[in-house]
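Descriptive analysis of the structure
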Amino acid sequence: MEFTEDAVYHFSEDPTITRFAPHVAKTAQVKGAYVWAVPAHRTHDYWFPRQCPRAMAWARPDSDPDDVAKIIGPGGGSRVHAVEFGWLEAIRTVELYVYRFDPAGFRPADETDEPPAVVTESEVVPLGPAEPVGDLLALHERAGIQLRVLPTLSDFWAAVITSTLGFSGIRLRNARS
C-alpha cells in the first residue's frame, strides 16, 4: 500500500463504512464534532489495532544526538514505535483497513508545522472502498521503523517525553501501569 500526499487517510477495523459523519471523539482534546484523518506523513502512527497503546519517537533535525542514541539506539532508522508484549498477537492478526479521502475540506487539527491529524466538520464519503492494510510488521520493516516490544510503556514514555525527540502517544490509557 502506498500513502501519497494527494489524499488523507482514516484507519479502521471496519471495512463497511460508506459515510463518515462528524462526531465528538471520547478522547478528544479538541472541542467540536469532526471527521478525523491523517496526512500521508503520519499514516505509520496508525499501523496498529485501534485500541493498541503505542509510544512513538523520532529524531528531528534539532534532536540531541545523545537522546537519539539513548532512545532510538542502534538498529537502524530514525524512528521507533514501542508497544507492549500483550498487544503483539493482535498486531500480527488484526484485519486493518484504510479509507482514502479527498483532502479538500480538511484542515489541520492543530497549529503545529506538521499537524498529526486533519479534521473536517462536514460529512465525508471515501474515495473508494476500504483497502486492507496488510501485514503491520512488514509495513514497519519496509518503512525502516523499529518496532520495540516492551513489558510496559511507562519507562519508555517517560524517557521520550523528556527528550529532544519528536514524539506521539496514542491510546496510552490502555497501557499497563
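This section reports on the structure supplied with the text. (Residues numbered from 1 in each chain as written. Predicted model: local features only at pLDDT ≥ 70, side-chain atom pairs only at ≥ 80, totals over all residues. Heavy atoms only, no water.)

**Topic: the sheet that holds strand β2 (residues 35-39)**
The condition is simple: The pairing criterion is simple: DSSP has to find at least two bridges between the two strands. Here a helix means four or more residues in a row that DSSP labels H or I, a strand means two or more in a row labelled E, and each is numbered from the N terminus.
Taken together, six strands build an open sheet; the order of strands is β6-β7-β2-β1-β5-β8 and the sheet is antiparallel. The sheet is open, and its two borders are formed by β6 (107-108) and β8 (131-132), each paired with just one other strand. With five bridges connecting them, strand β1 (residues 8-12) and strand β5 (residues 97-101) associate as antiparallel partners. If you follow H10 over to β5, its bridge partner there is Y99.

**Looking at the environment of I91**
What counts, and what does not: Each residue is assigned to one of three classes by its accessible area relative to the maximum for its type, calculated with a 1.4 Å probe on protein chains only: buried under 20%, partly exposed between the two thresholds, exposed over 50%. In this analysis, two residues are considered to be in contact whenever any of their non-hydrogen atoms come within 4.5 Å of each other.
Mapped onto the secondary structure, I91 falls in helix α2 (residues 88-93). Classification of I91 as buried rests on a relative accessible area of 2%. For the pair I91 and L165, spaced 74 residues apart in sequence, the C-alpha to C-alpha distance is 25 Å. Beyond its immediate stretch of four places on either side in the chain, I91 contacts F48, P49, C52, V83, L136 and L137.

**Some remarks on the packing of aromatic side chains**
In plain terms, the rule: We call Phe, Tyr and Trp rings a pair once their centres come within 6.5 Å, taking the six-membered ring for Trp, and we label the pair stacked below 30 degrees between planes, edge-to-face above 60, and tilted otherwise.
With the rule as written, the count across this model stands at nine aromatic pairs. Between the aromatic rings of F20 and F101, the centroid separation amounts to 5.0 Å while the plane-to-plane angle is 80°, which identifies the pairing as edge-to-face. Linking F20 in the loop between β1 and β2 with F101 in strand β5, this pair joins segments that are 81 residues apart in sequence. Using a relative accessible area of 0% as the deciding quantity, one classes F101 as buried.

**Details of the layout of surface pockets**
As a reminder, the rule being used: Grid points spaced at 1 Å over the protein atoms alone were grouped into cavities, where a 1.4 Å probe fits but cannot get out, and pockets, open sets with protein on both sides within 12 Å along at least five of seven lines, with lining residues defined by an atom within 4 Å of a point. Grid points are joined across faces, edges and corners, and a volume is the space filled by probe spheres set on the points. Polarity classes work like this: nonpolar for Ala, Val, Leu, Ile, Met, Phe, Trp, Tyr, Cys and Pro, charged for Asp, Glu, Lys and Arg, and polar for all others, with Gly in that last group.
Of the pockets and cavities examined, the largest pocket occupies roughly 1,300 Å³. Lining the largest pocket are 37 residues; nearest its centre among them are T27, W36, Y46, I170 and R171. When its residues are assigned to classes, the lining of the largest pocket shows 20 nonpolar, eight polar and nine charged.

**Quick look at the sheet that holds strand β10 (residues 166-170)**
Keep this limit in mind: Angles shown run from 0 to 180 degrees and are taken between the N-to-C directions of axes, each axis being a line fitted to C-alpha atoms and, for helices, limited to the stretch in contact.
In spatial order, the strands read β9-β4-β3-β10; together these four strands make up an open sheet with mixed pairing. Each of the sheet's edge strands pairs with one partner strand only, and the pair in question is β9 (146-150) and β10. Each adjacent strand pair in this sheet contributes to an overall mean axis angle of 20°, direction not counted. Sheet analysis places strand β3 (residues 54-58) next to strand β4 (residues 79-84), joined by four bridges and oriented antiparallel. Following the sheet pairing, W58 is matched in β4 by R79.

**Comments concerning the pairing of β3**
Across the five residues that make up β3, a large majority, five, are buried. In this structure, β3 lies alongside β10, joined through five bridges in antiparallel fashion. In the sheet register, A57 faces β10, and the bridge partner there is F167.

**Here we look at the nonpolar core**
Rule in force here: In plain words, nonpolar cores are sets of buried Ala, Val, Leu, Ile, Met, Phe, Trp, Tyr and Cys residues tied together by side-chain atoms within 4.5 Å.
Of all hydrophobic cores here, the largest spans 22 residues; its most connected members are F3, Y9, F11, W47, V133 and L136. Mapped by element, the contributors of at least two residues to this core are β1 and α3 (136-143). Residues within four places of L136 in sequence aside, it is in contact with W47, F48, P49, I91, V94 and L96. With 13 residues, the next largest nonpolar core counts A57, I72, V80 and L153 among its residues.

**So, α3**
The condition that has to hold: The term polar contact refers here to a pair of N or O atoms within 3.5 Å; inside protein, the definition further demands a hydrogen-donor-capable atom paired with an acceptor-capable atom, and it admits residues adjacent in sequence only when both atoms are side-chain atoms.
Taken together, the buried positions of α3 are L136, A138, L139 and H140. Contact partners of the buried residues in α3: β4, α2 and β9. Its side-chain oxygen placed 2.9 Å from the backbone nitrogen of L137, D135 serves as the N-cap of α3. Positive phi shows up at G144, right after α3, with a value of about 70°.

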